[in-house]
Structures are given as C-alpha cells and as structure tokens.
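# Summary of structural features
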Amino acid sequence: DPAQRRVRELAALSKRLQQVHPNVLAKVLKEGTLYQDEEIVAINKPYGLPVHGGPGIKNCITDVLPILAKMLENMKAEPLHLCHRLDKETTGVMVLARNKEVAEKIRLLFKTRQVEKIYWAISLGDPDPTEGIVEIPIVEKEVQSHQSHYKMTLAPNYRLSPEDGKVVKIRKNRNAESAVTRYRRLASSSACSLLELQPITGVKHQIRVHLAYGLGCPILGDHKYSHWSKLAPQKLPEITLKRLKLEQSKARHLPLHLHAHRLSLPLGQRIDLVCKPPLFFQKTLKKLDLDVANE
C-alpha cells in the first residue's frame, strides 16, 4: 500500500539523516537556504534532524555549521551561529547568524519577544472556539507509569470549585513558566484542523502542550502528548485513518505535523522569512482535504 510505504520511508529518512556524511547534510541545508545577507542565513530545517548533539546522535545542525558556512561563502568563512532552536521533529524556518554579535542581537530579540513566529500544525479535532489565546503556565513533571518519563504539562493558576463550580484562583507553581499561544483555525475536515499558531512566549514544547492539554486537540503525529499517563501511539479517528489510508497499528509511524511557517525579524527593517511545509505535510493536507487556498 503506497500510504504505508510512504510512512515507512519517513521513519527511514530520520534514521538515514543520522548516517549521511556531514558534508552531504550541509549540502542539503545549503540547497534549502531561504534567505541570506551579510548578517544572517535562514535555512529550511528538515524533519527528524536535531539541532544539538547528544547520546546516540551522530548528525545535528550545530555540527555542520562550519561546513555550511564554507559552502555558502566559498571556502573562507567563520562558522555560522545558532540563534534559536526547533524540536527535532519540527520543520521550517531557522535563522543562523554570520557572527557572534549578530547571534547575540537575535537571541535578545527572541528573548524580548520581538520576533514574530508563525507555525502551522495539523491537529486532531477542532478547537473551540475556532480562534483565541491559550494562556496557561507550563511545568515539567515526571509521569509515573510502567515506563517513567518526563513531560511538559499545564500548571493552571485557576481551578473549578467542586462545591459550586466557581472559578477559584490557586497558588502559582513556583517552577512553572508563563506560556501564551495565539491560535486560529484555517481549515477543518476529516476530524482534523489546520491551525495557524503564534507562540508569544518560548517555553519548551509549548505549542504541543497547549494544543493537546489546553484545547484537547493534539498535533497529528504527536505520540508524546496524545496521552498523559503512557507512552503510546496516537489514537486516530476512523475517518482520519481512512483518508490517510492508514491502519491504527501503523499510526506510530506518523510524523509530527508541526511546521515553522514564518519568522519576522526586526533587523533594521523587518525581514520576513517564509517557508512552505515539507512534502509529507502537503500530502497530508491534500489527503485530509484541508484546503488552504486562502493563504
């Protein structure tokens, strides 16, 4: 079945990215360059490629920055610098700086929330209301299950009183970070939605947690945040499986459908960096009949 085959190809792609030669990887990133000037280089980050190294990680973006700089600058160039990070499974716009000073300047813009970030995600279900702001603090917790693991989760400042159902303010969790995400539905079909997201803050896994636990609409392919107490493949609605020509038993191979679609940087004048979603994301939109003609 072609759909199953494509899913297997994606899983294999992530593994292959760990086996390619760093020069090949740098070349792929160079070909995906979205923009460059004397201060920055914007690349299209591929799926499954980590930004930083770690145990069992042979290839990451950080390691190939010196090679990429040389490829872009004809052999004599200082390495490029990271300005921000994206999760391993997230695709899309990523900004690199040509020197330390520019990198510091851009990191400060991110920190002081002057960079406008727009993401696209395909979610399960339909957020209610269809647009709004999720403003719930996030904290990291250990999940006690047959396989203990850590997850980011919500730490709300309010709860409903069991006696009369009124909203009561509760003491703030000292370790929680405030997190704010704007969202807007662009299309919905086949029990899924295409959402445009604007994270105002930059907490780890913020969009994934706010969608899954705040709106009850986890991102398609987000197996980590589709359940709280266990690590298990996402359970998909019948119509979604049918449209994707997928069996539930193969759902664990579905990639995370979260894409950094646009970044707007105030560097002198505003620089707008736009990157269209990867092929697998576009194919999913087509299969689920999520029409974004209006974008």
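All chains use their own residue numbering, which begins from 1 and follows the written sequence. Only residues with pLDDT of at least 70 get local features here, since the model is predicted, and only at 80 or more are side-chain atom pairs given and counted; chain-wide, interface and lining totals rely on the full set of residues. The side-chain figures draw on all heavy atoms in the structure; neither hydrogens nor water molecules are used.

On to the environment of Pro137. Note that Pro137 resides in the loop between strand 6 (131-135) and strand 7 (138-143). Burial status follows relative accessibility: with a 1.4 Å probe on protein chains alone, a residue under 20% of its type maximum counts as buried, one over 50% as exposed, and anything between as partly exposed. Look at Pro137 and you get buried, because its relative accessible area is 9%. The spatial distance from the C-alpha of Pro137 to the C-alpha of Glu73 is 43 Å, given a sequence separation of 64 residues. Setting aside chain neighbours within four positions, we find Pro137 in contact with Thr153, Leu154, Ala155, Pro156, Asn157, Ala176, Glu177, Ser178 and Ala179. Secondary structure follows DSSP: runs of H or I at least 4 residues long count as helices, runs of E at least 2 residues long count as strands, and numbering of each begins at the N terminus. We call two residues contacting when some pair of their heavy atoms lies within 4.5 Å.

The split of the chain into domains comes from an automatic or database domain assignment. Looking at the chain, the domain boundaries give domain 1 (1-112) and domain 2 (114-288). The C-alpha-based centres of domain 1 and domain 2 are spaced at 23 Å. Facing 29 residues of domain 1, the contacting portion of domain 2 comprises 32 residues. Buried area: the accessible area, evaluated with a 1.4 Å probe, that two parts lose upon being put together, summed over both parts. With both chains or domains summed, domain 1 and domain 2 bury close to 2600 Å², and 68% of this area falls on carbon and sulfur atoms.

For the purposes of this section, nonpolar cores are sets of buried Ala, Val, Leu, Ile, Met, Phe, Trp, Tyr and Cys residues that join through side-chain atoms within 4.5 Å. The biggest cluster of nonpolar side chains holds 63 residues, and the ones touching the most others in it are Ile122 and Leu194. Considering every element that reaches this core, the biggest residue donor is helix 3 (residues 61-73), with six residues. The residue makeup of this core includes at least three contributed by each of domain 1 (1-112) and domain 2 (114-288). Not counting residues within four places of it along the chain, the set of residues in contact with Ile122 comprises Cys192, Ser193, Leu194, Pro218, Ile219, Leu220, His257, Phe281, Thr284, Leu285, Leu288 and Leu290. Judged by nonpolar contacts, the second largest core, of 18 residues, contains Cys83, Ala97, Leu263 and Cys275.

Within helix 5 (residues 206-214), seven of the nine residues are buried, which leaves the element mostly enclosed by the surrounding structure. By the burial criterion, the buried members of helix 5 are Gln206, Ile207, Arg208, Val209, His210, Leu211 and Ala212. Note on helix 5: the residue one or two positions beyond its end, Gly216, has a positive phi of about 70°.

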